[in-house]
Amino acid sequence: TLNVATLVSALNNNNVTLQASNAITVNAAVEASRNANGNDLRLEANTLNLNEKISLRTGRRLSGTANTVNVGTNGDLQNGVDAVATGGVVNLAEAAYSAPSVQLFRDTTIQGQGTDKTFIQGNNSSRALSISAGTITLDNVTIENGNDITGNETGGGAIRVSNTASLNLLNSLVRNNRTNSSGGGIFLSGAGRTLVENSTFEGNSADIFGGGILTENGHQLTIENSILIGNTAKHGGGIDGKDDSNEITIRNTTLANNVAETQGGAFSFGLNAGPLTVENSTIANNTALAGGGGGFFSNGAPITITGSTFRGNQATANTRGAGGAIETLGDLTVRESIFEDNESVTGGAISLISSGVTSIETTTFDNNTAAQGGAIATRDQHQVTISRSTLSNNQSINNGGAIYDNASSANRTLMIDNSTLSGNEVTSGDGGALHLNTNTQASLLNVTIANNTADASGGGISNDEGGELRLRNSLIANNIATTGSDIAGNLTSDGNNLVQSRTGSFGYIGARSR
């Protein structure tokens, strides 16, 4: 145990190194910041017990060799970080630690006692942690009330990771942090990697990008078994991946009740960002207030989704709201997923625009609503394939109870196979299940379109603008409309179809449709 008075006096004259074969314990505050002369302090022992704060003169350095540093309830987190050896562990007590931008710069593990016991706090006046080098592991802590309101838009309300640094955030809670820039919870920049596991981001906010998390400049992000809830930002209420971000993977995670002022209620993704992969996750009740993608928005970066549920997401702002669950200008792959109760102006569940390629397999769309395209709306040159999927009980006001296709140029294809479109409705327009425009080349193979309703024409399919529609081995029956109850407009039958009512449709010559 230190003799504090002797130590403070020694620090006034020289750099000091203290050595012990086992442990050094600090039980009284070391106040050397007011010494006439400032010097460095080095603590050499396998274990340090820092029960009180060590204060040196500005510009002087605390260092150490301990593999284990135990910071007591009155100890200082920065002291623990400074005194631990590279690769060592800083153990925190059941306490709240005031953390005015603690600096971390080498491999370190910070171990708390649980999110309800150990708190790292920015006190609504500063960022809690700044990580500039090494791999930092944070485990079983709550990081809260960070406030990066600096005026120079640095970003990262709770944590900022930069340069080549990496972060492992485990079993932790990041809540009620904010920034006037980006990354209300965490700002990730540079060539490092971040793993978020078994952790929660709640109530964080950013004035620009990424209420919960912002990633950029080649940083790679993986989120597993975690929750992002109630975060807000202008773009990307939960997460934002800027144009130069690296690969982002989300597994077994829930993004819920996040809000973006513009696009990407849960997630916004840049044009040249690395691919986004989402597996076995739930995206629910997120909102884009003045743009597209109540759940996800992609400005062109590719997205792959497997085994996930999108429920109750909204993008309903006047004419700009598109894709209640997803709006993308890039490639999209969806497998074995569920889209239900999503809402927007165009594409209740998904809005597909620009020149991307979308593949949807073994997926269910149920009870989604929009002004056009109750489940899916596609336009421009976007190519779409839907396989082994069900689109049911979706509703639109104008056109396309399930699918609204509005290709802007010729040779744009829509292919549907081994799928069912049933119980969909248009309340004041055409195409109870499917509406096609002039430039669409649509091909349906082994498809059932039944029990759909349109207020005007094409209870099943509306093709009265002259698009190309080819049918094979398909059933179109029991649909209701004022004209063309099953199909309105021209079609090409490639055989083995059953169309209950031909009224209002043409193109059955030489085919078995009846």
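Up top is the structure.
All of these numbers come straight from a predicted model, not from anything done at the bench.

Caption draft 1: Representation of the overall build of the chain in the model. Regarding its fold elements, the chain presents two helices and 68 strands. With respect to the principal axes defined by its C-alpha atoms, the chain has extents near 105 × 35 × 35 Å. Taking all 514 residues of the chain together, the buried fraction comes to 56%. Partitioning the intrachain contacts of the chain with sequence separation of at least 6 by distance along the chain shows that 71% fall at a separation of at least 24. Roughly 18200 Å² of accessible area belongs to the chain as shown, and the carbon and sulfur atoms make up 41% of that amount. Taken as two groups, the 27 positive and 43 negative side-chain charges of the chain have centres that lie 5 Å from each other.

Caption draft 2: Just the nonpolar core, in detail. The biggest cluster of nonpolar side chains holds 107 residues, and the ones touching the most others in it are Leu-129, Leu-138, Ile-143, Ile-159, Ile-350, Ile-376 and Leu-444. Per-element accounting of this core gives the leading share, four residues, to helix 1 (residues 4-11).

Caption draft 3: The arrangement of the pairing of strand 12 (residues 108-111) in detail. Side chains of strand 12 alternate between two faces, with Thr-108 and Ile-110 buried and Thr-109 and Gln-111 left unburied. Here strand 9 (residues 84-92) runs beside strand 12; their pairing, made up of four bridges, is parallel. In the sheet register, Val-90 faces strand 12, and the bridge partner there is Ile-110. Of the strand pairs in this sheet, strand 12 and strand 15 (residues 135-139) are connected by four bridges, and their pairing is parallel. Each residue of the ladder has a partner; that of Thr-108, found in strand 15, is Ile-136.

Caption draft 4: Just the environment of Asn-12, in detail. Mapped onto the elements of the fold, Asn-12 is located in the loop between helix 1 and strand 1 (16-19). Its relative accessible area of 22% is what places Asn-12 among the partly exposed residues. Residues Asn-12 and Ala-36, spaced 24 residues apart in sequence, show a C-alpha to C-alpha distance of 6.5 Å. Setting aside chain neighbours within four positions, we find Asn-12 in contact with Asn-35, Ala-36, Asn-37 and Asn-39. Only 3.1 Å separates the side chain of Asn-12 from the backbone nitrogen of Ala-36, close enough to count as a polar contact.

Caption draft 5: Geometry of the environment of Phe-187. Relative to the assigned elements, Phe-187 resides in strand 22 (residues 186-189). Setting aside its immediate chain neighbours within four residues, Phe-187 contacts Thr-154, Gly-155, Gly-156, Ile-159, Arg-160, Val-161, Ser-182, Leu-214 and Glu-216.

Caption draft 6: Summary view of unusual backbone geometry. Look at Ser-101: it is not a glycine, yet its phi comes out positive at around 55 degrees. One can find Ser-101 in the loop between strand 10 (96-98) and strand 11 (102-104). Positive phi, close to 60 degrees, is recorded for Asn-257, a residue that is not glycine. Judged by relative accessible area, which is 37%, Asn-257 ranks as partly exposed.

Conventions adopted
All residue numbers refer to positions counted from 1 along the written sequence of the respective chain. Local features in this predicted model are restricted to residues whose pLDDT is 70 or higher, and side-chain atom pairs enter the listing and the counts only when it is 80 or higher, whereas totals over whole chains, interfaces and linings include all residues. Each side-chain value is derived from all of the structure's non-hydrogen atoms; neither hydrogens nor water enter the calculation. Runs of E in the DSSP output that reach at least two residues are strands. Runs of H or I that reach at least four are helices, and both are numbered from the N terminus. Here the term buried applies to any residue with accessible area under 20% of the maximum for its type, exposed to any over 50%, and partly exposed to those in between, with areas from a 1.4 Å probe on protein chains only. Any two residues having at least one pair of non-hydrogen atoms within 4.5 Å are treated as being in contact. Methods summary: accessible areas were calculated by the Shrake-Rupley approach with a probe of 1.4 Å, and residue burial reflects only the protein chains presented. Residues scored as charged are limited to Lys and Arg (positive) and Asp and Glu (negative), so that His and the chain ends carry no count. A charge is said to be at NZ when it belongs to Lys, at CZ for Arg, at CG for Asp and at CD for Glu. Throughout, nonpolar core names a set of buried Ala, Val, Leu, Ile, Met, Phe, Trp, Tyr and Cys residues whose side chains join them through atoms within 4.5 Å. When DSSP locates at least two bridges between a pair of strands, those strands are taken to pair. Here a polar contact means two N or O atoms within 3.5 Å. Within protein one must be a hydrogen donor candidate and the other an acceptor candidate, and residues neighboring in sequence count only if both atoms are side-chain atoms.

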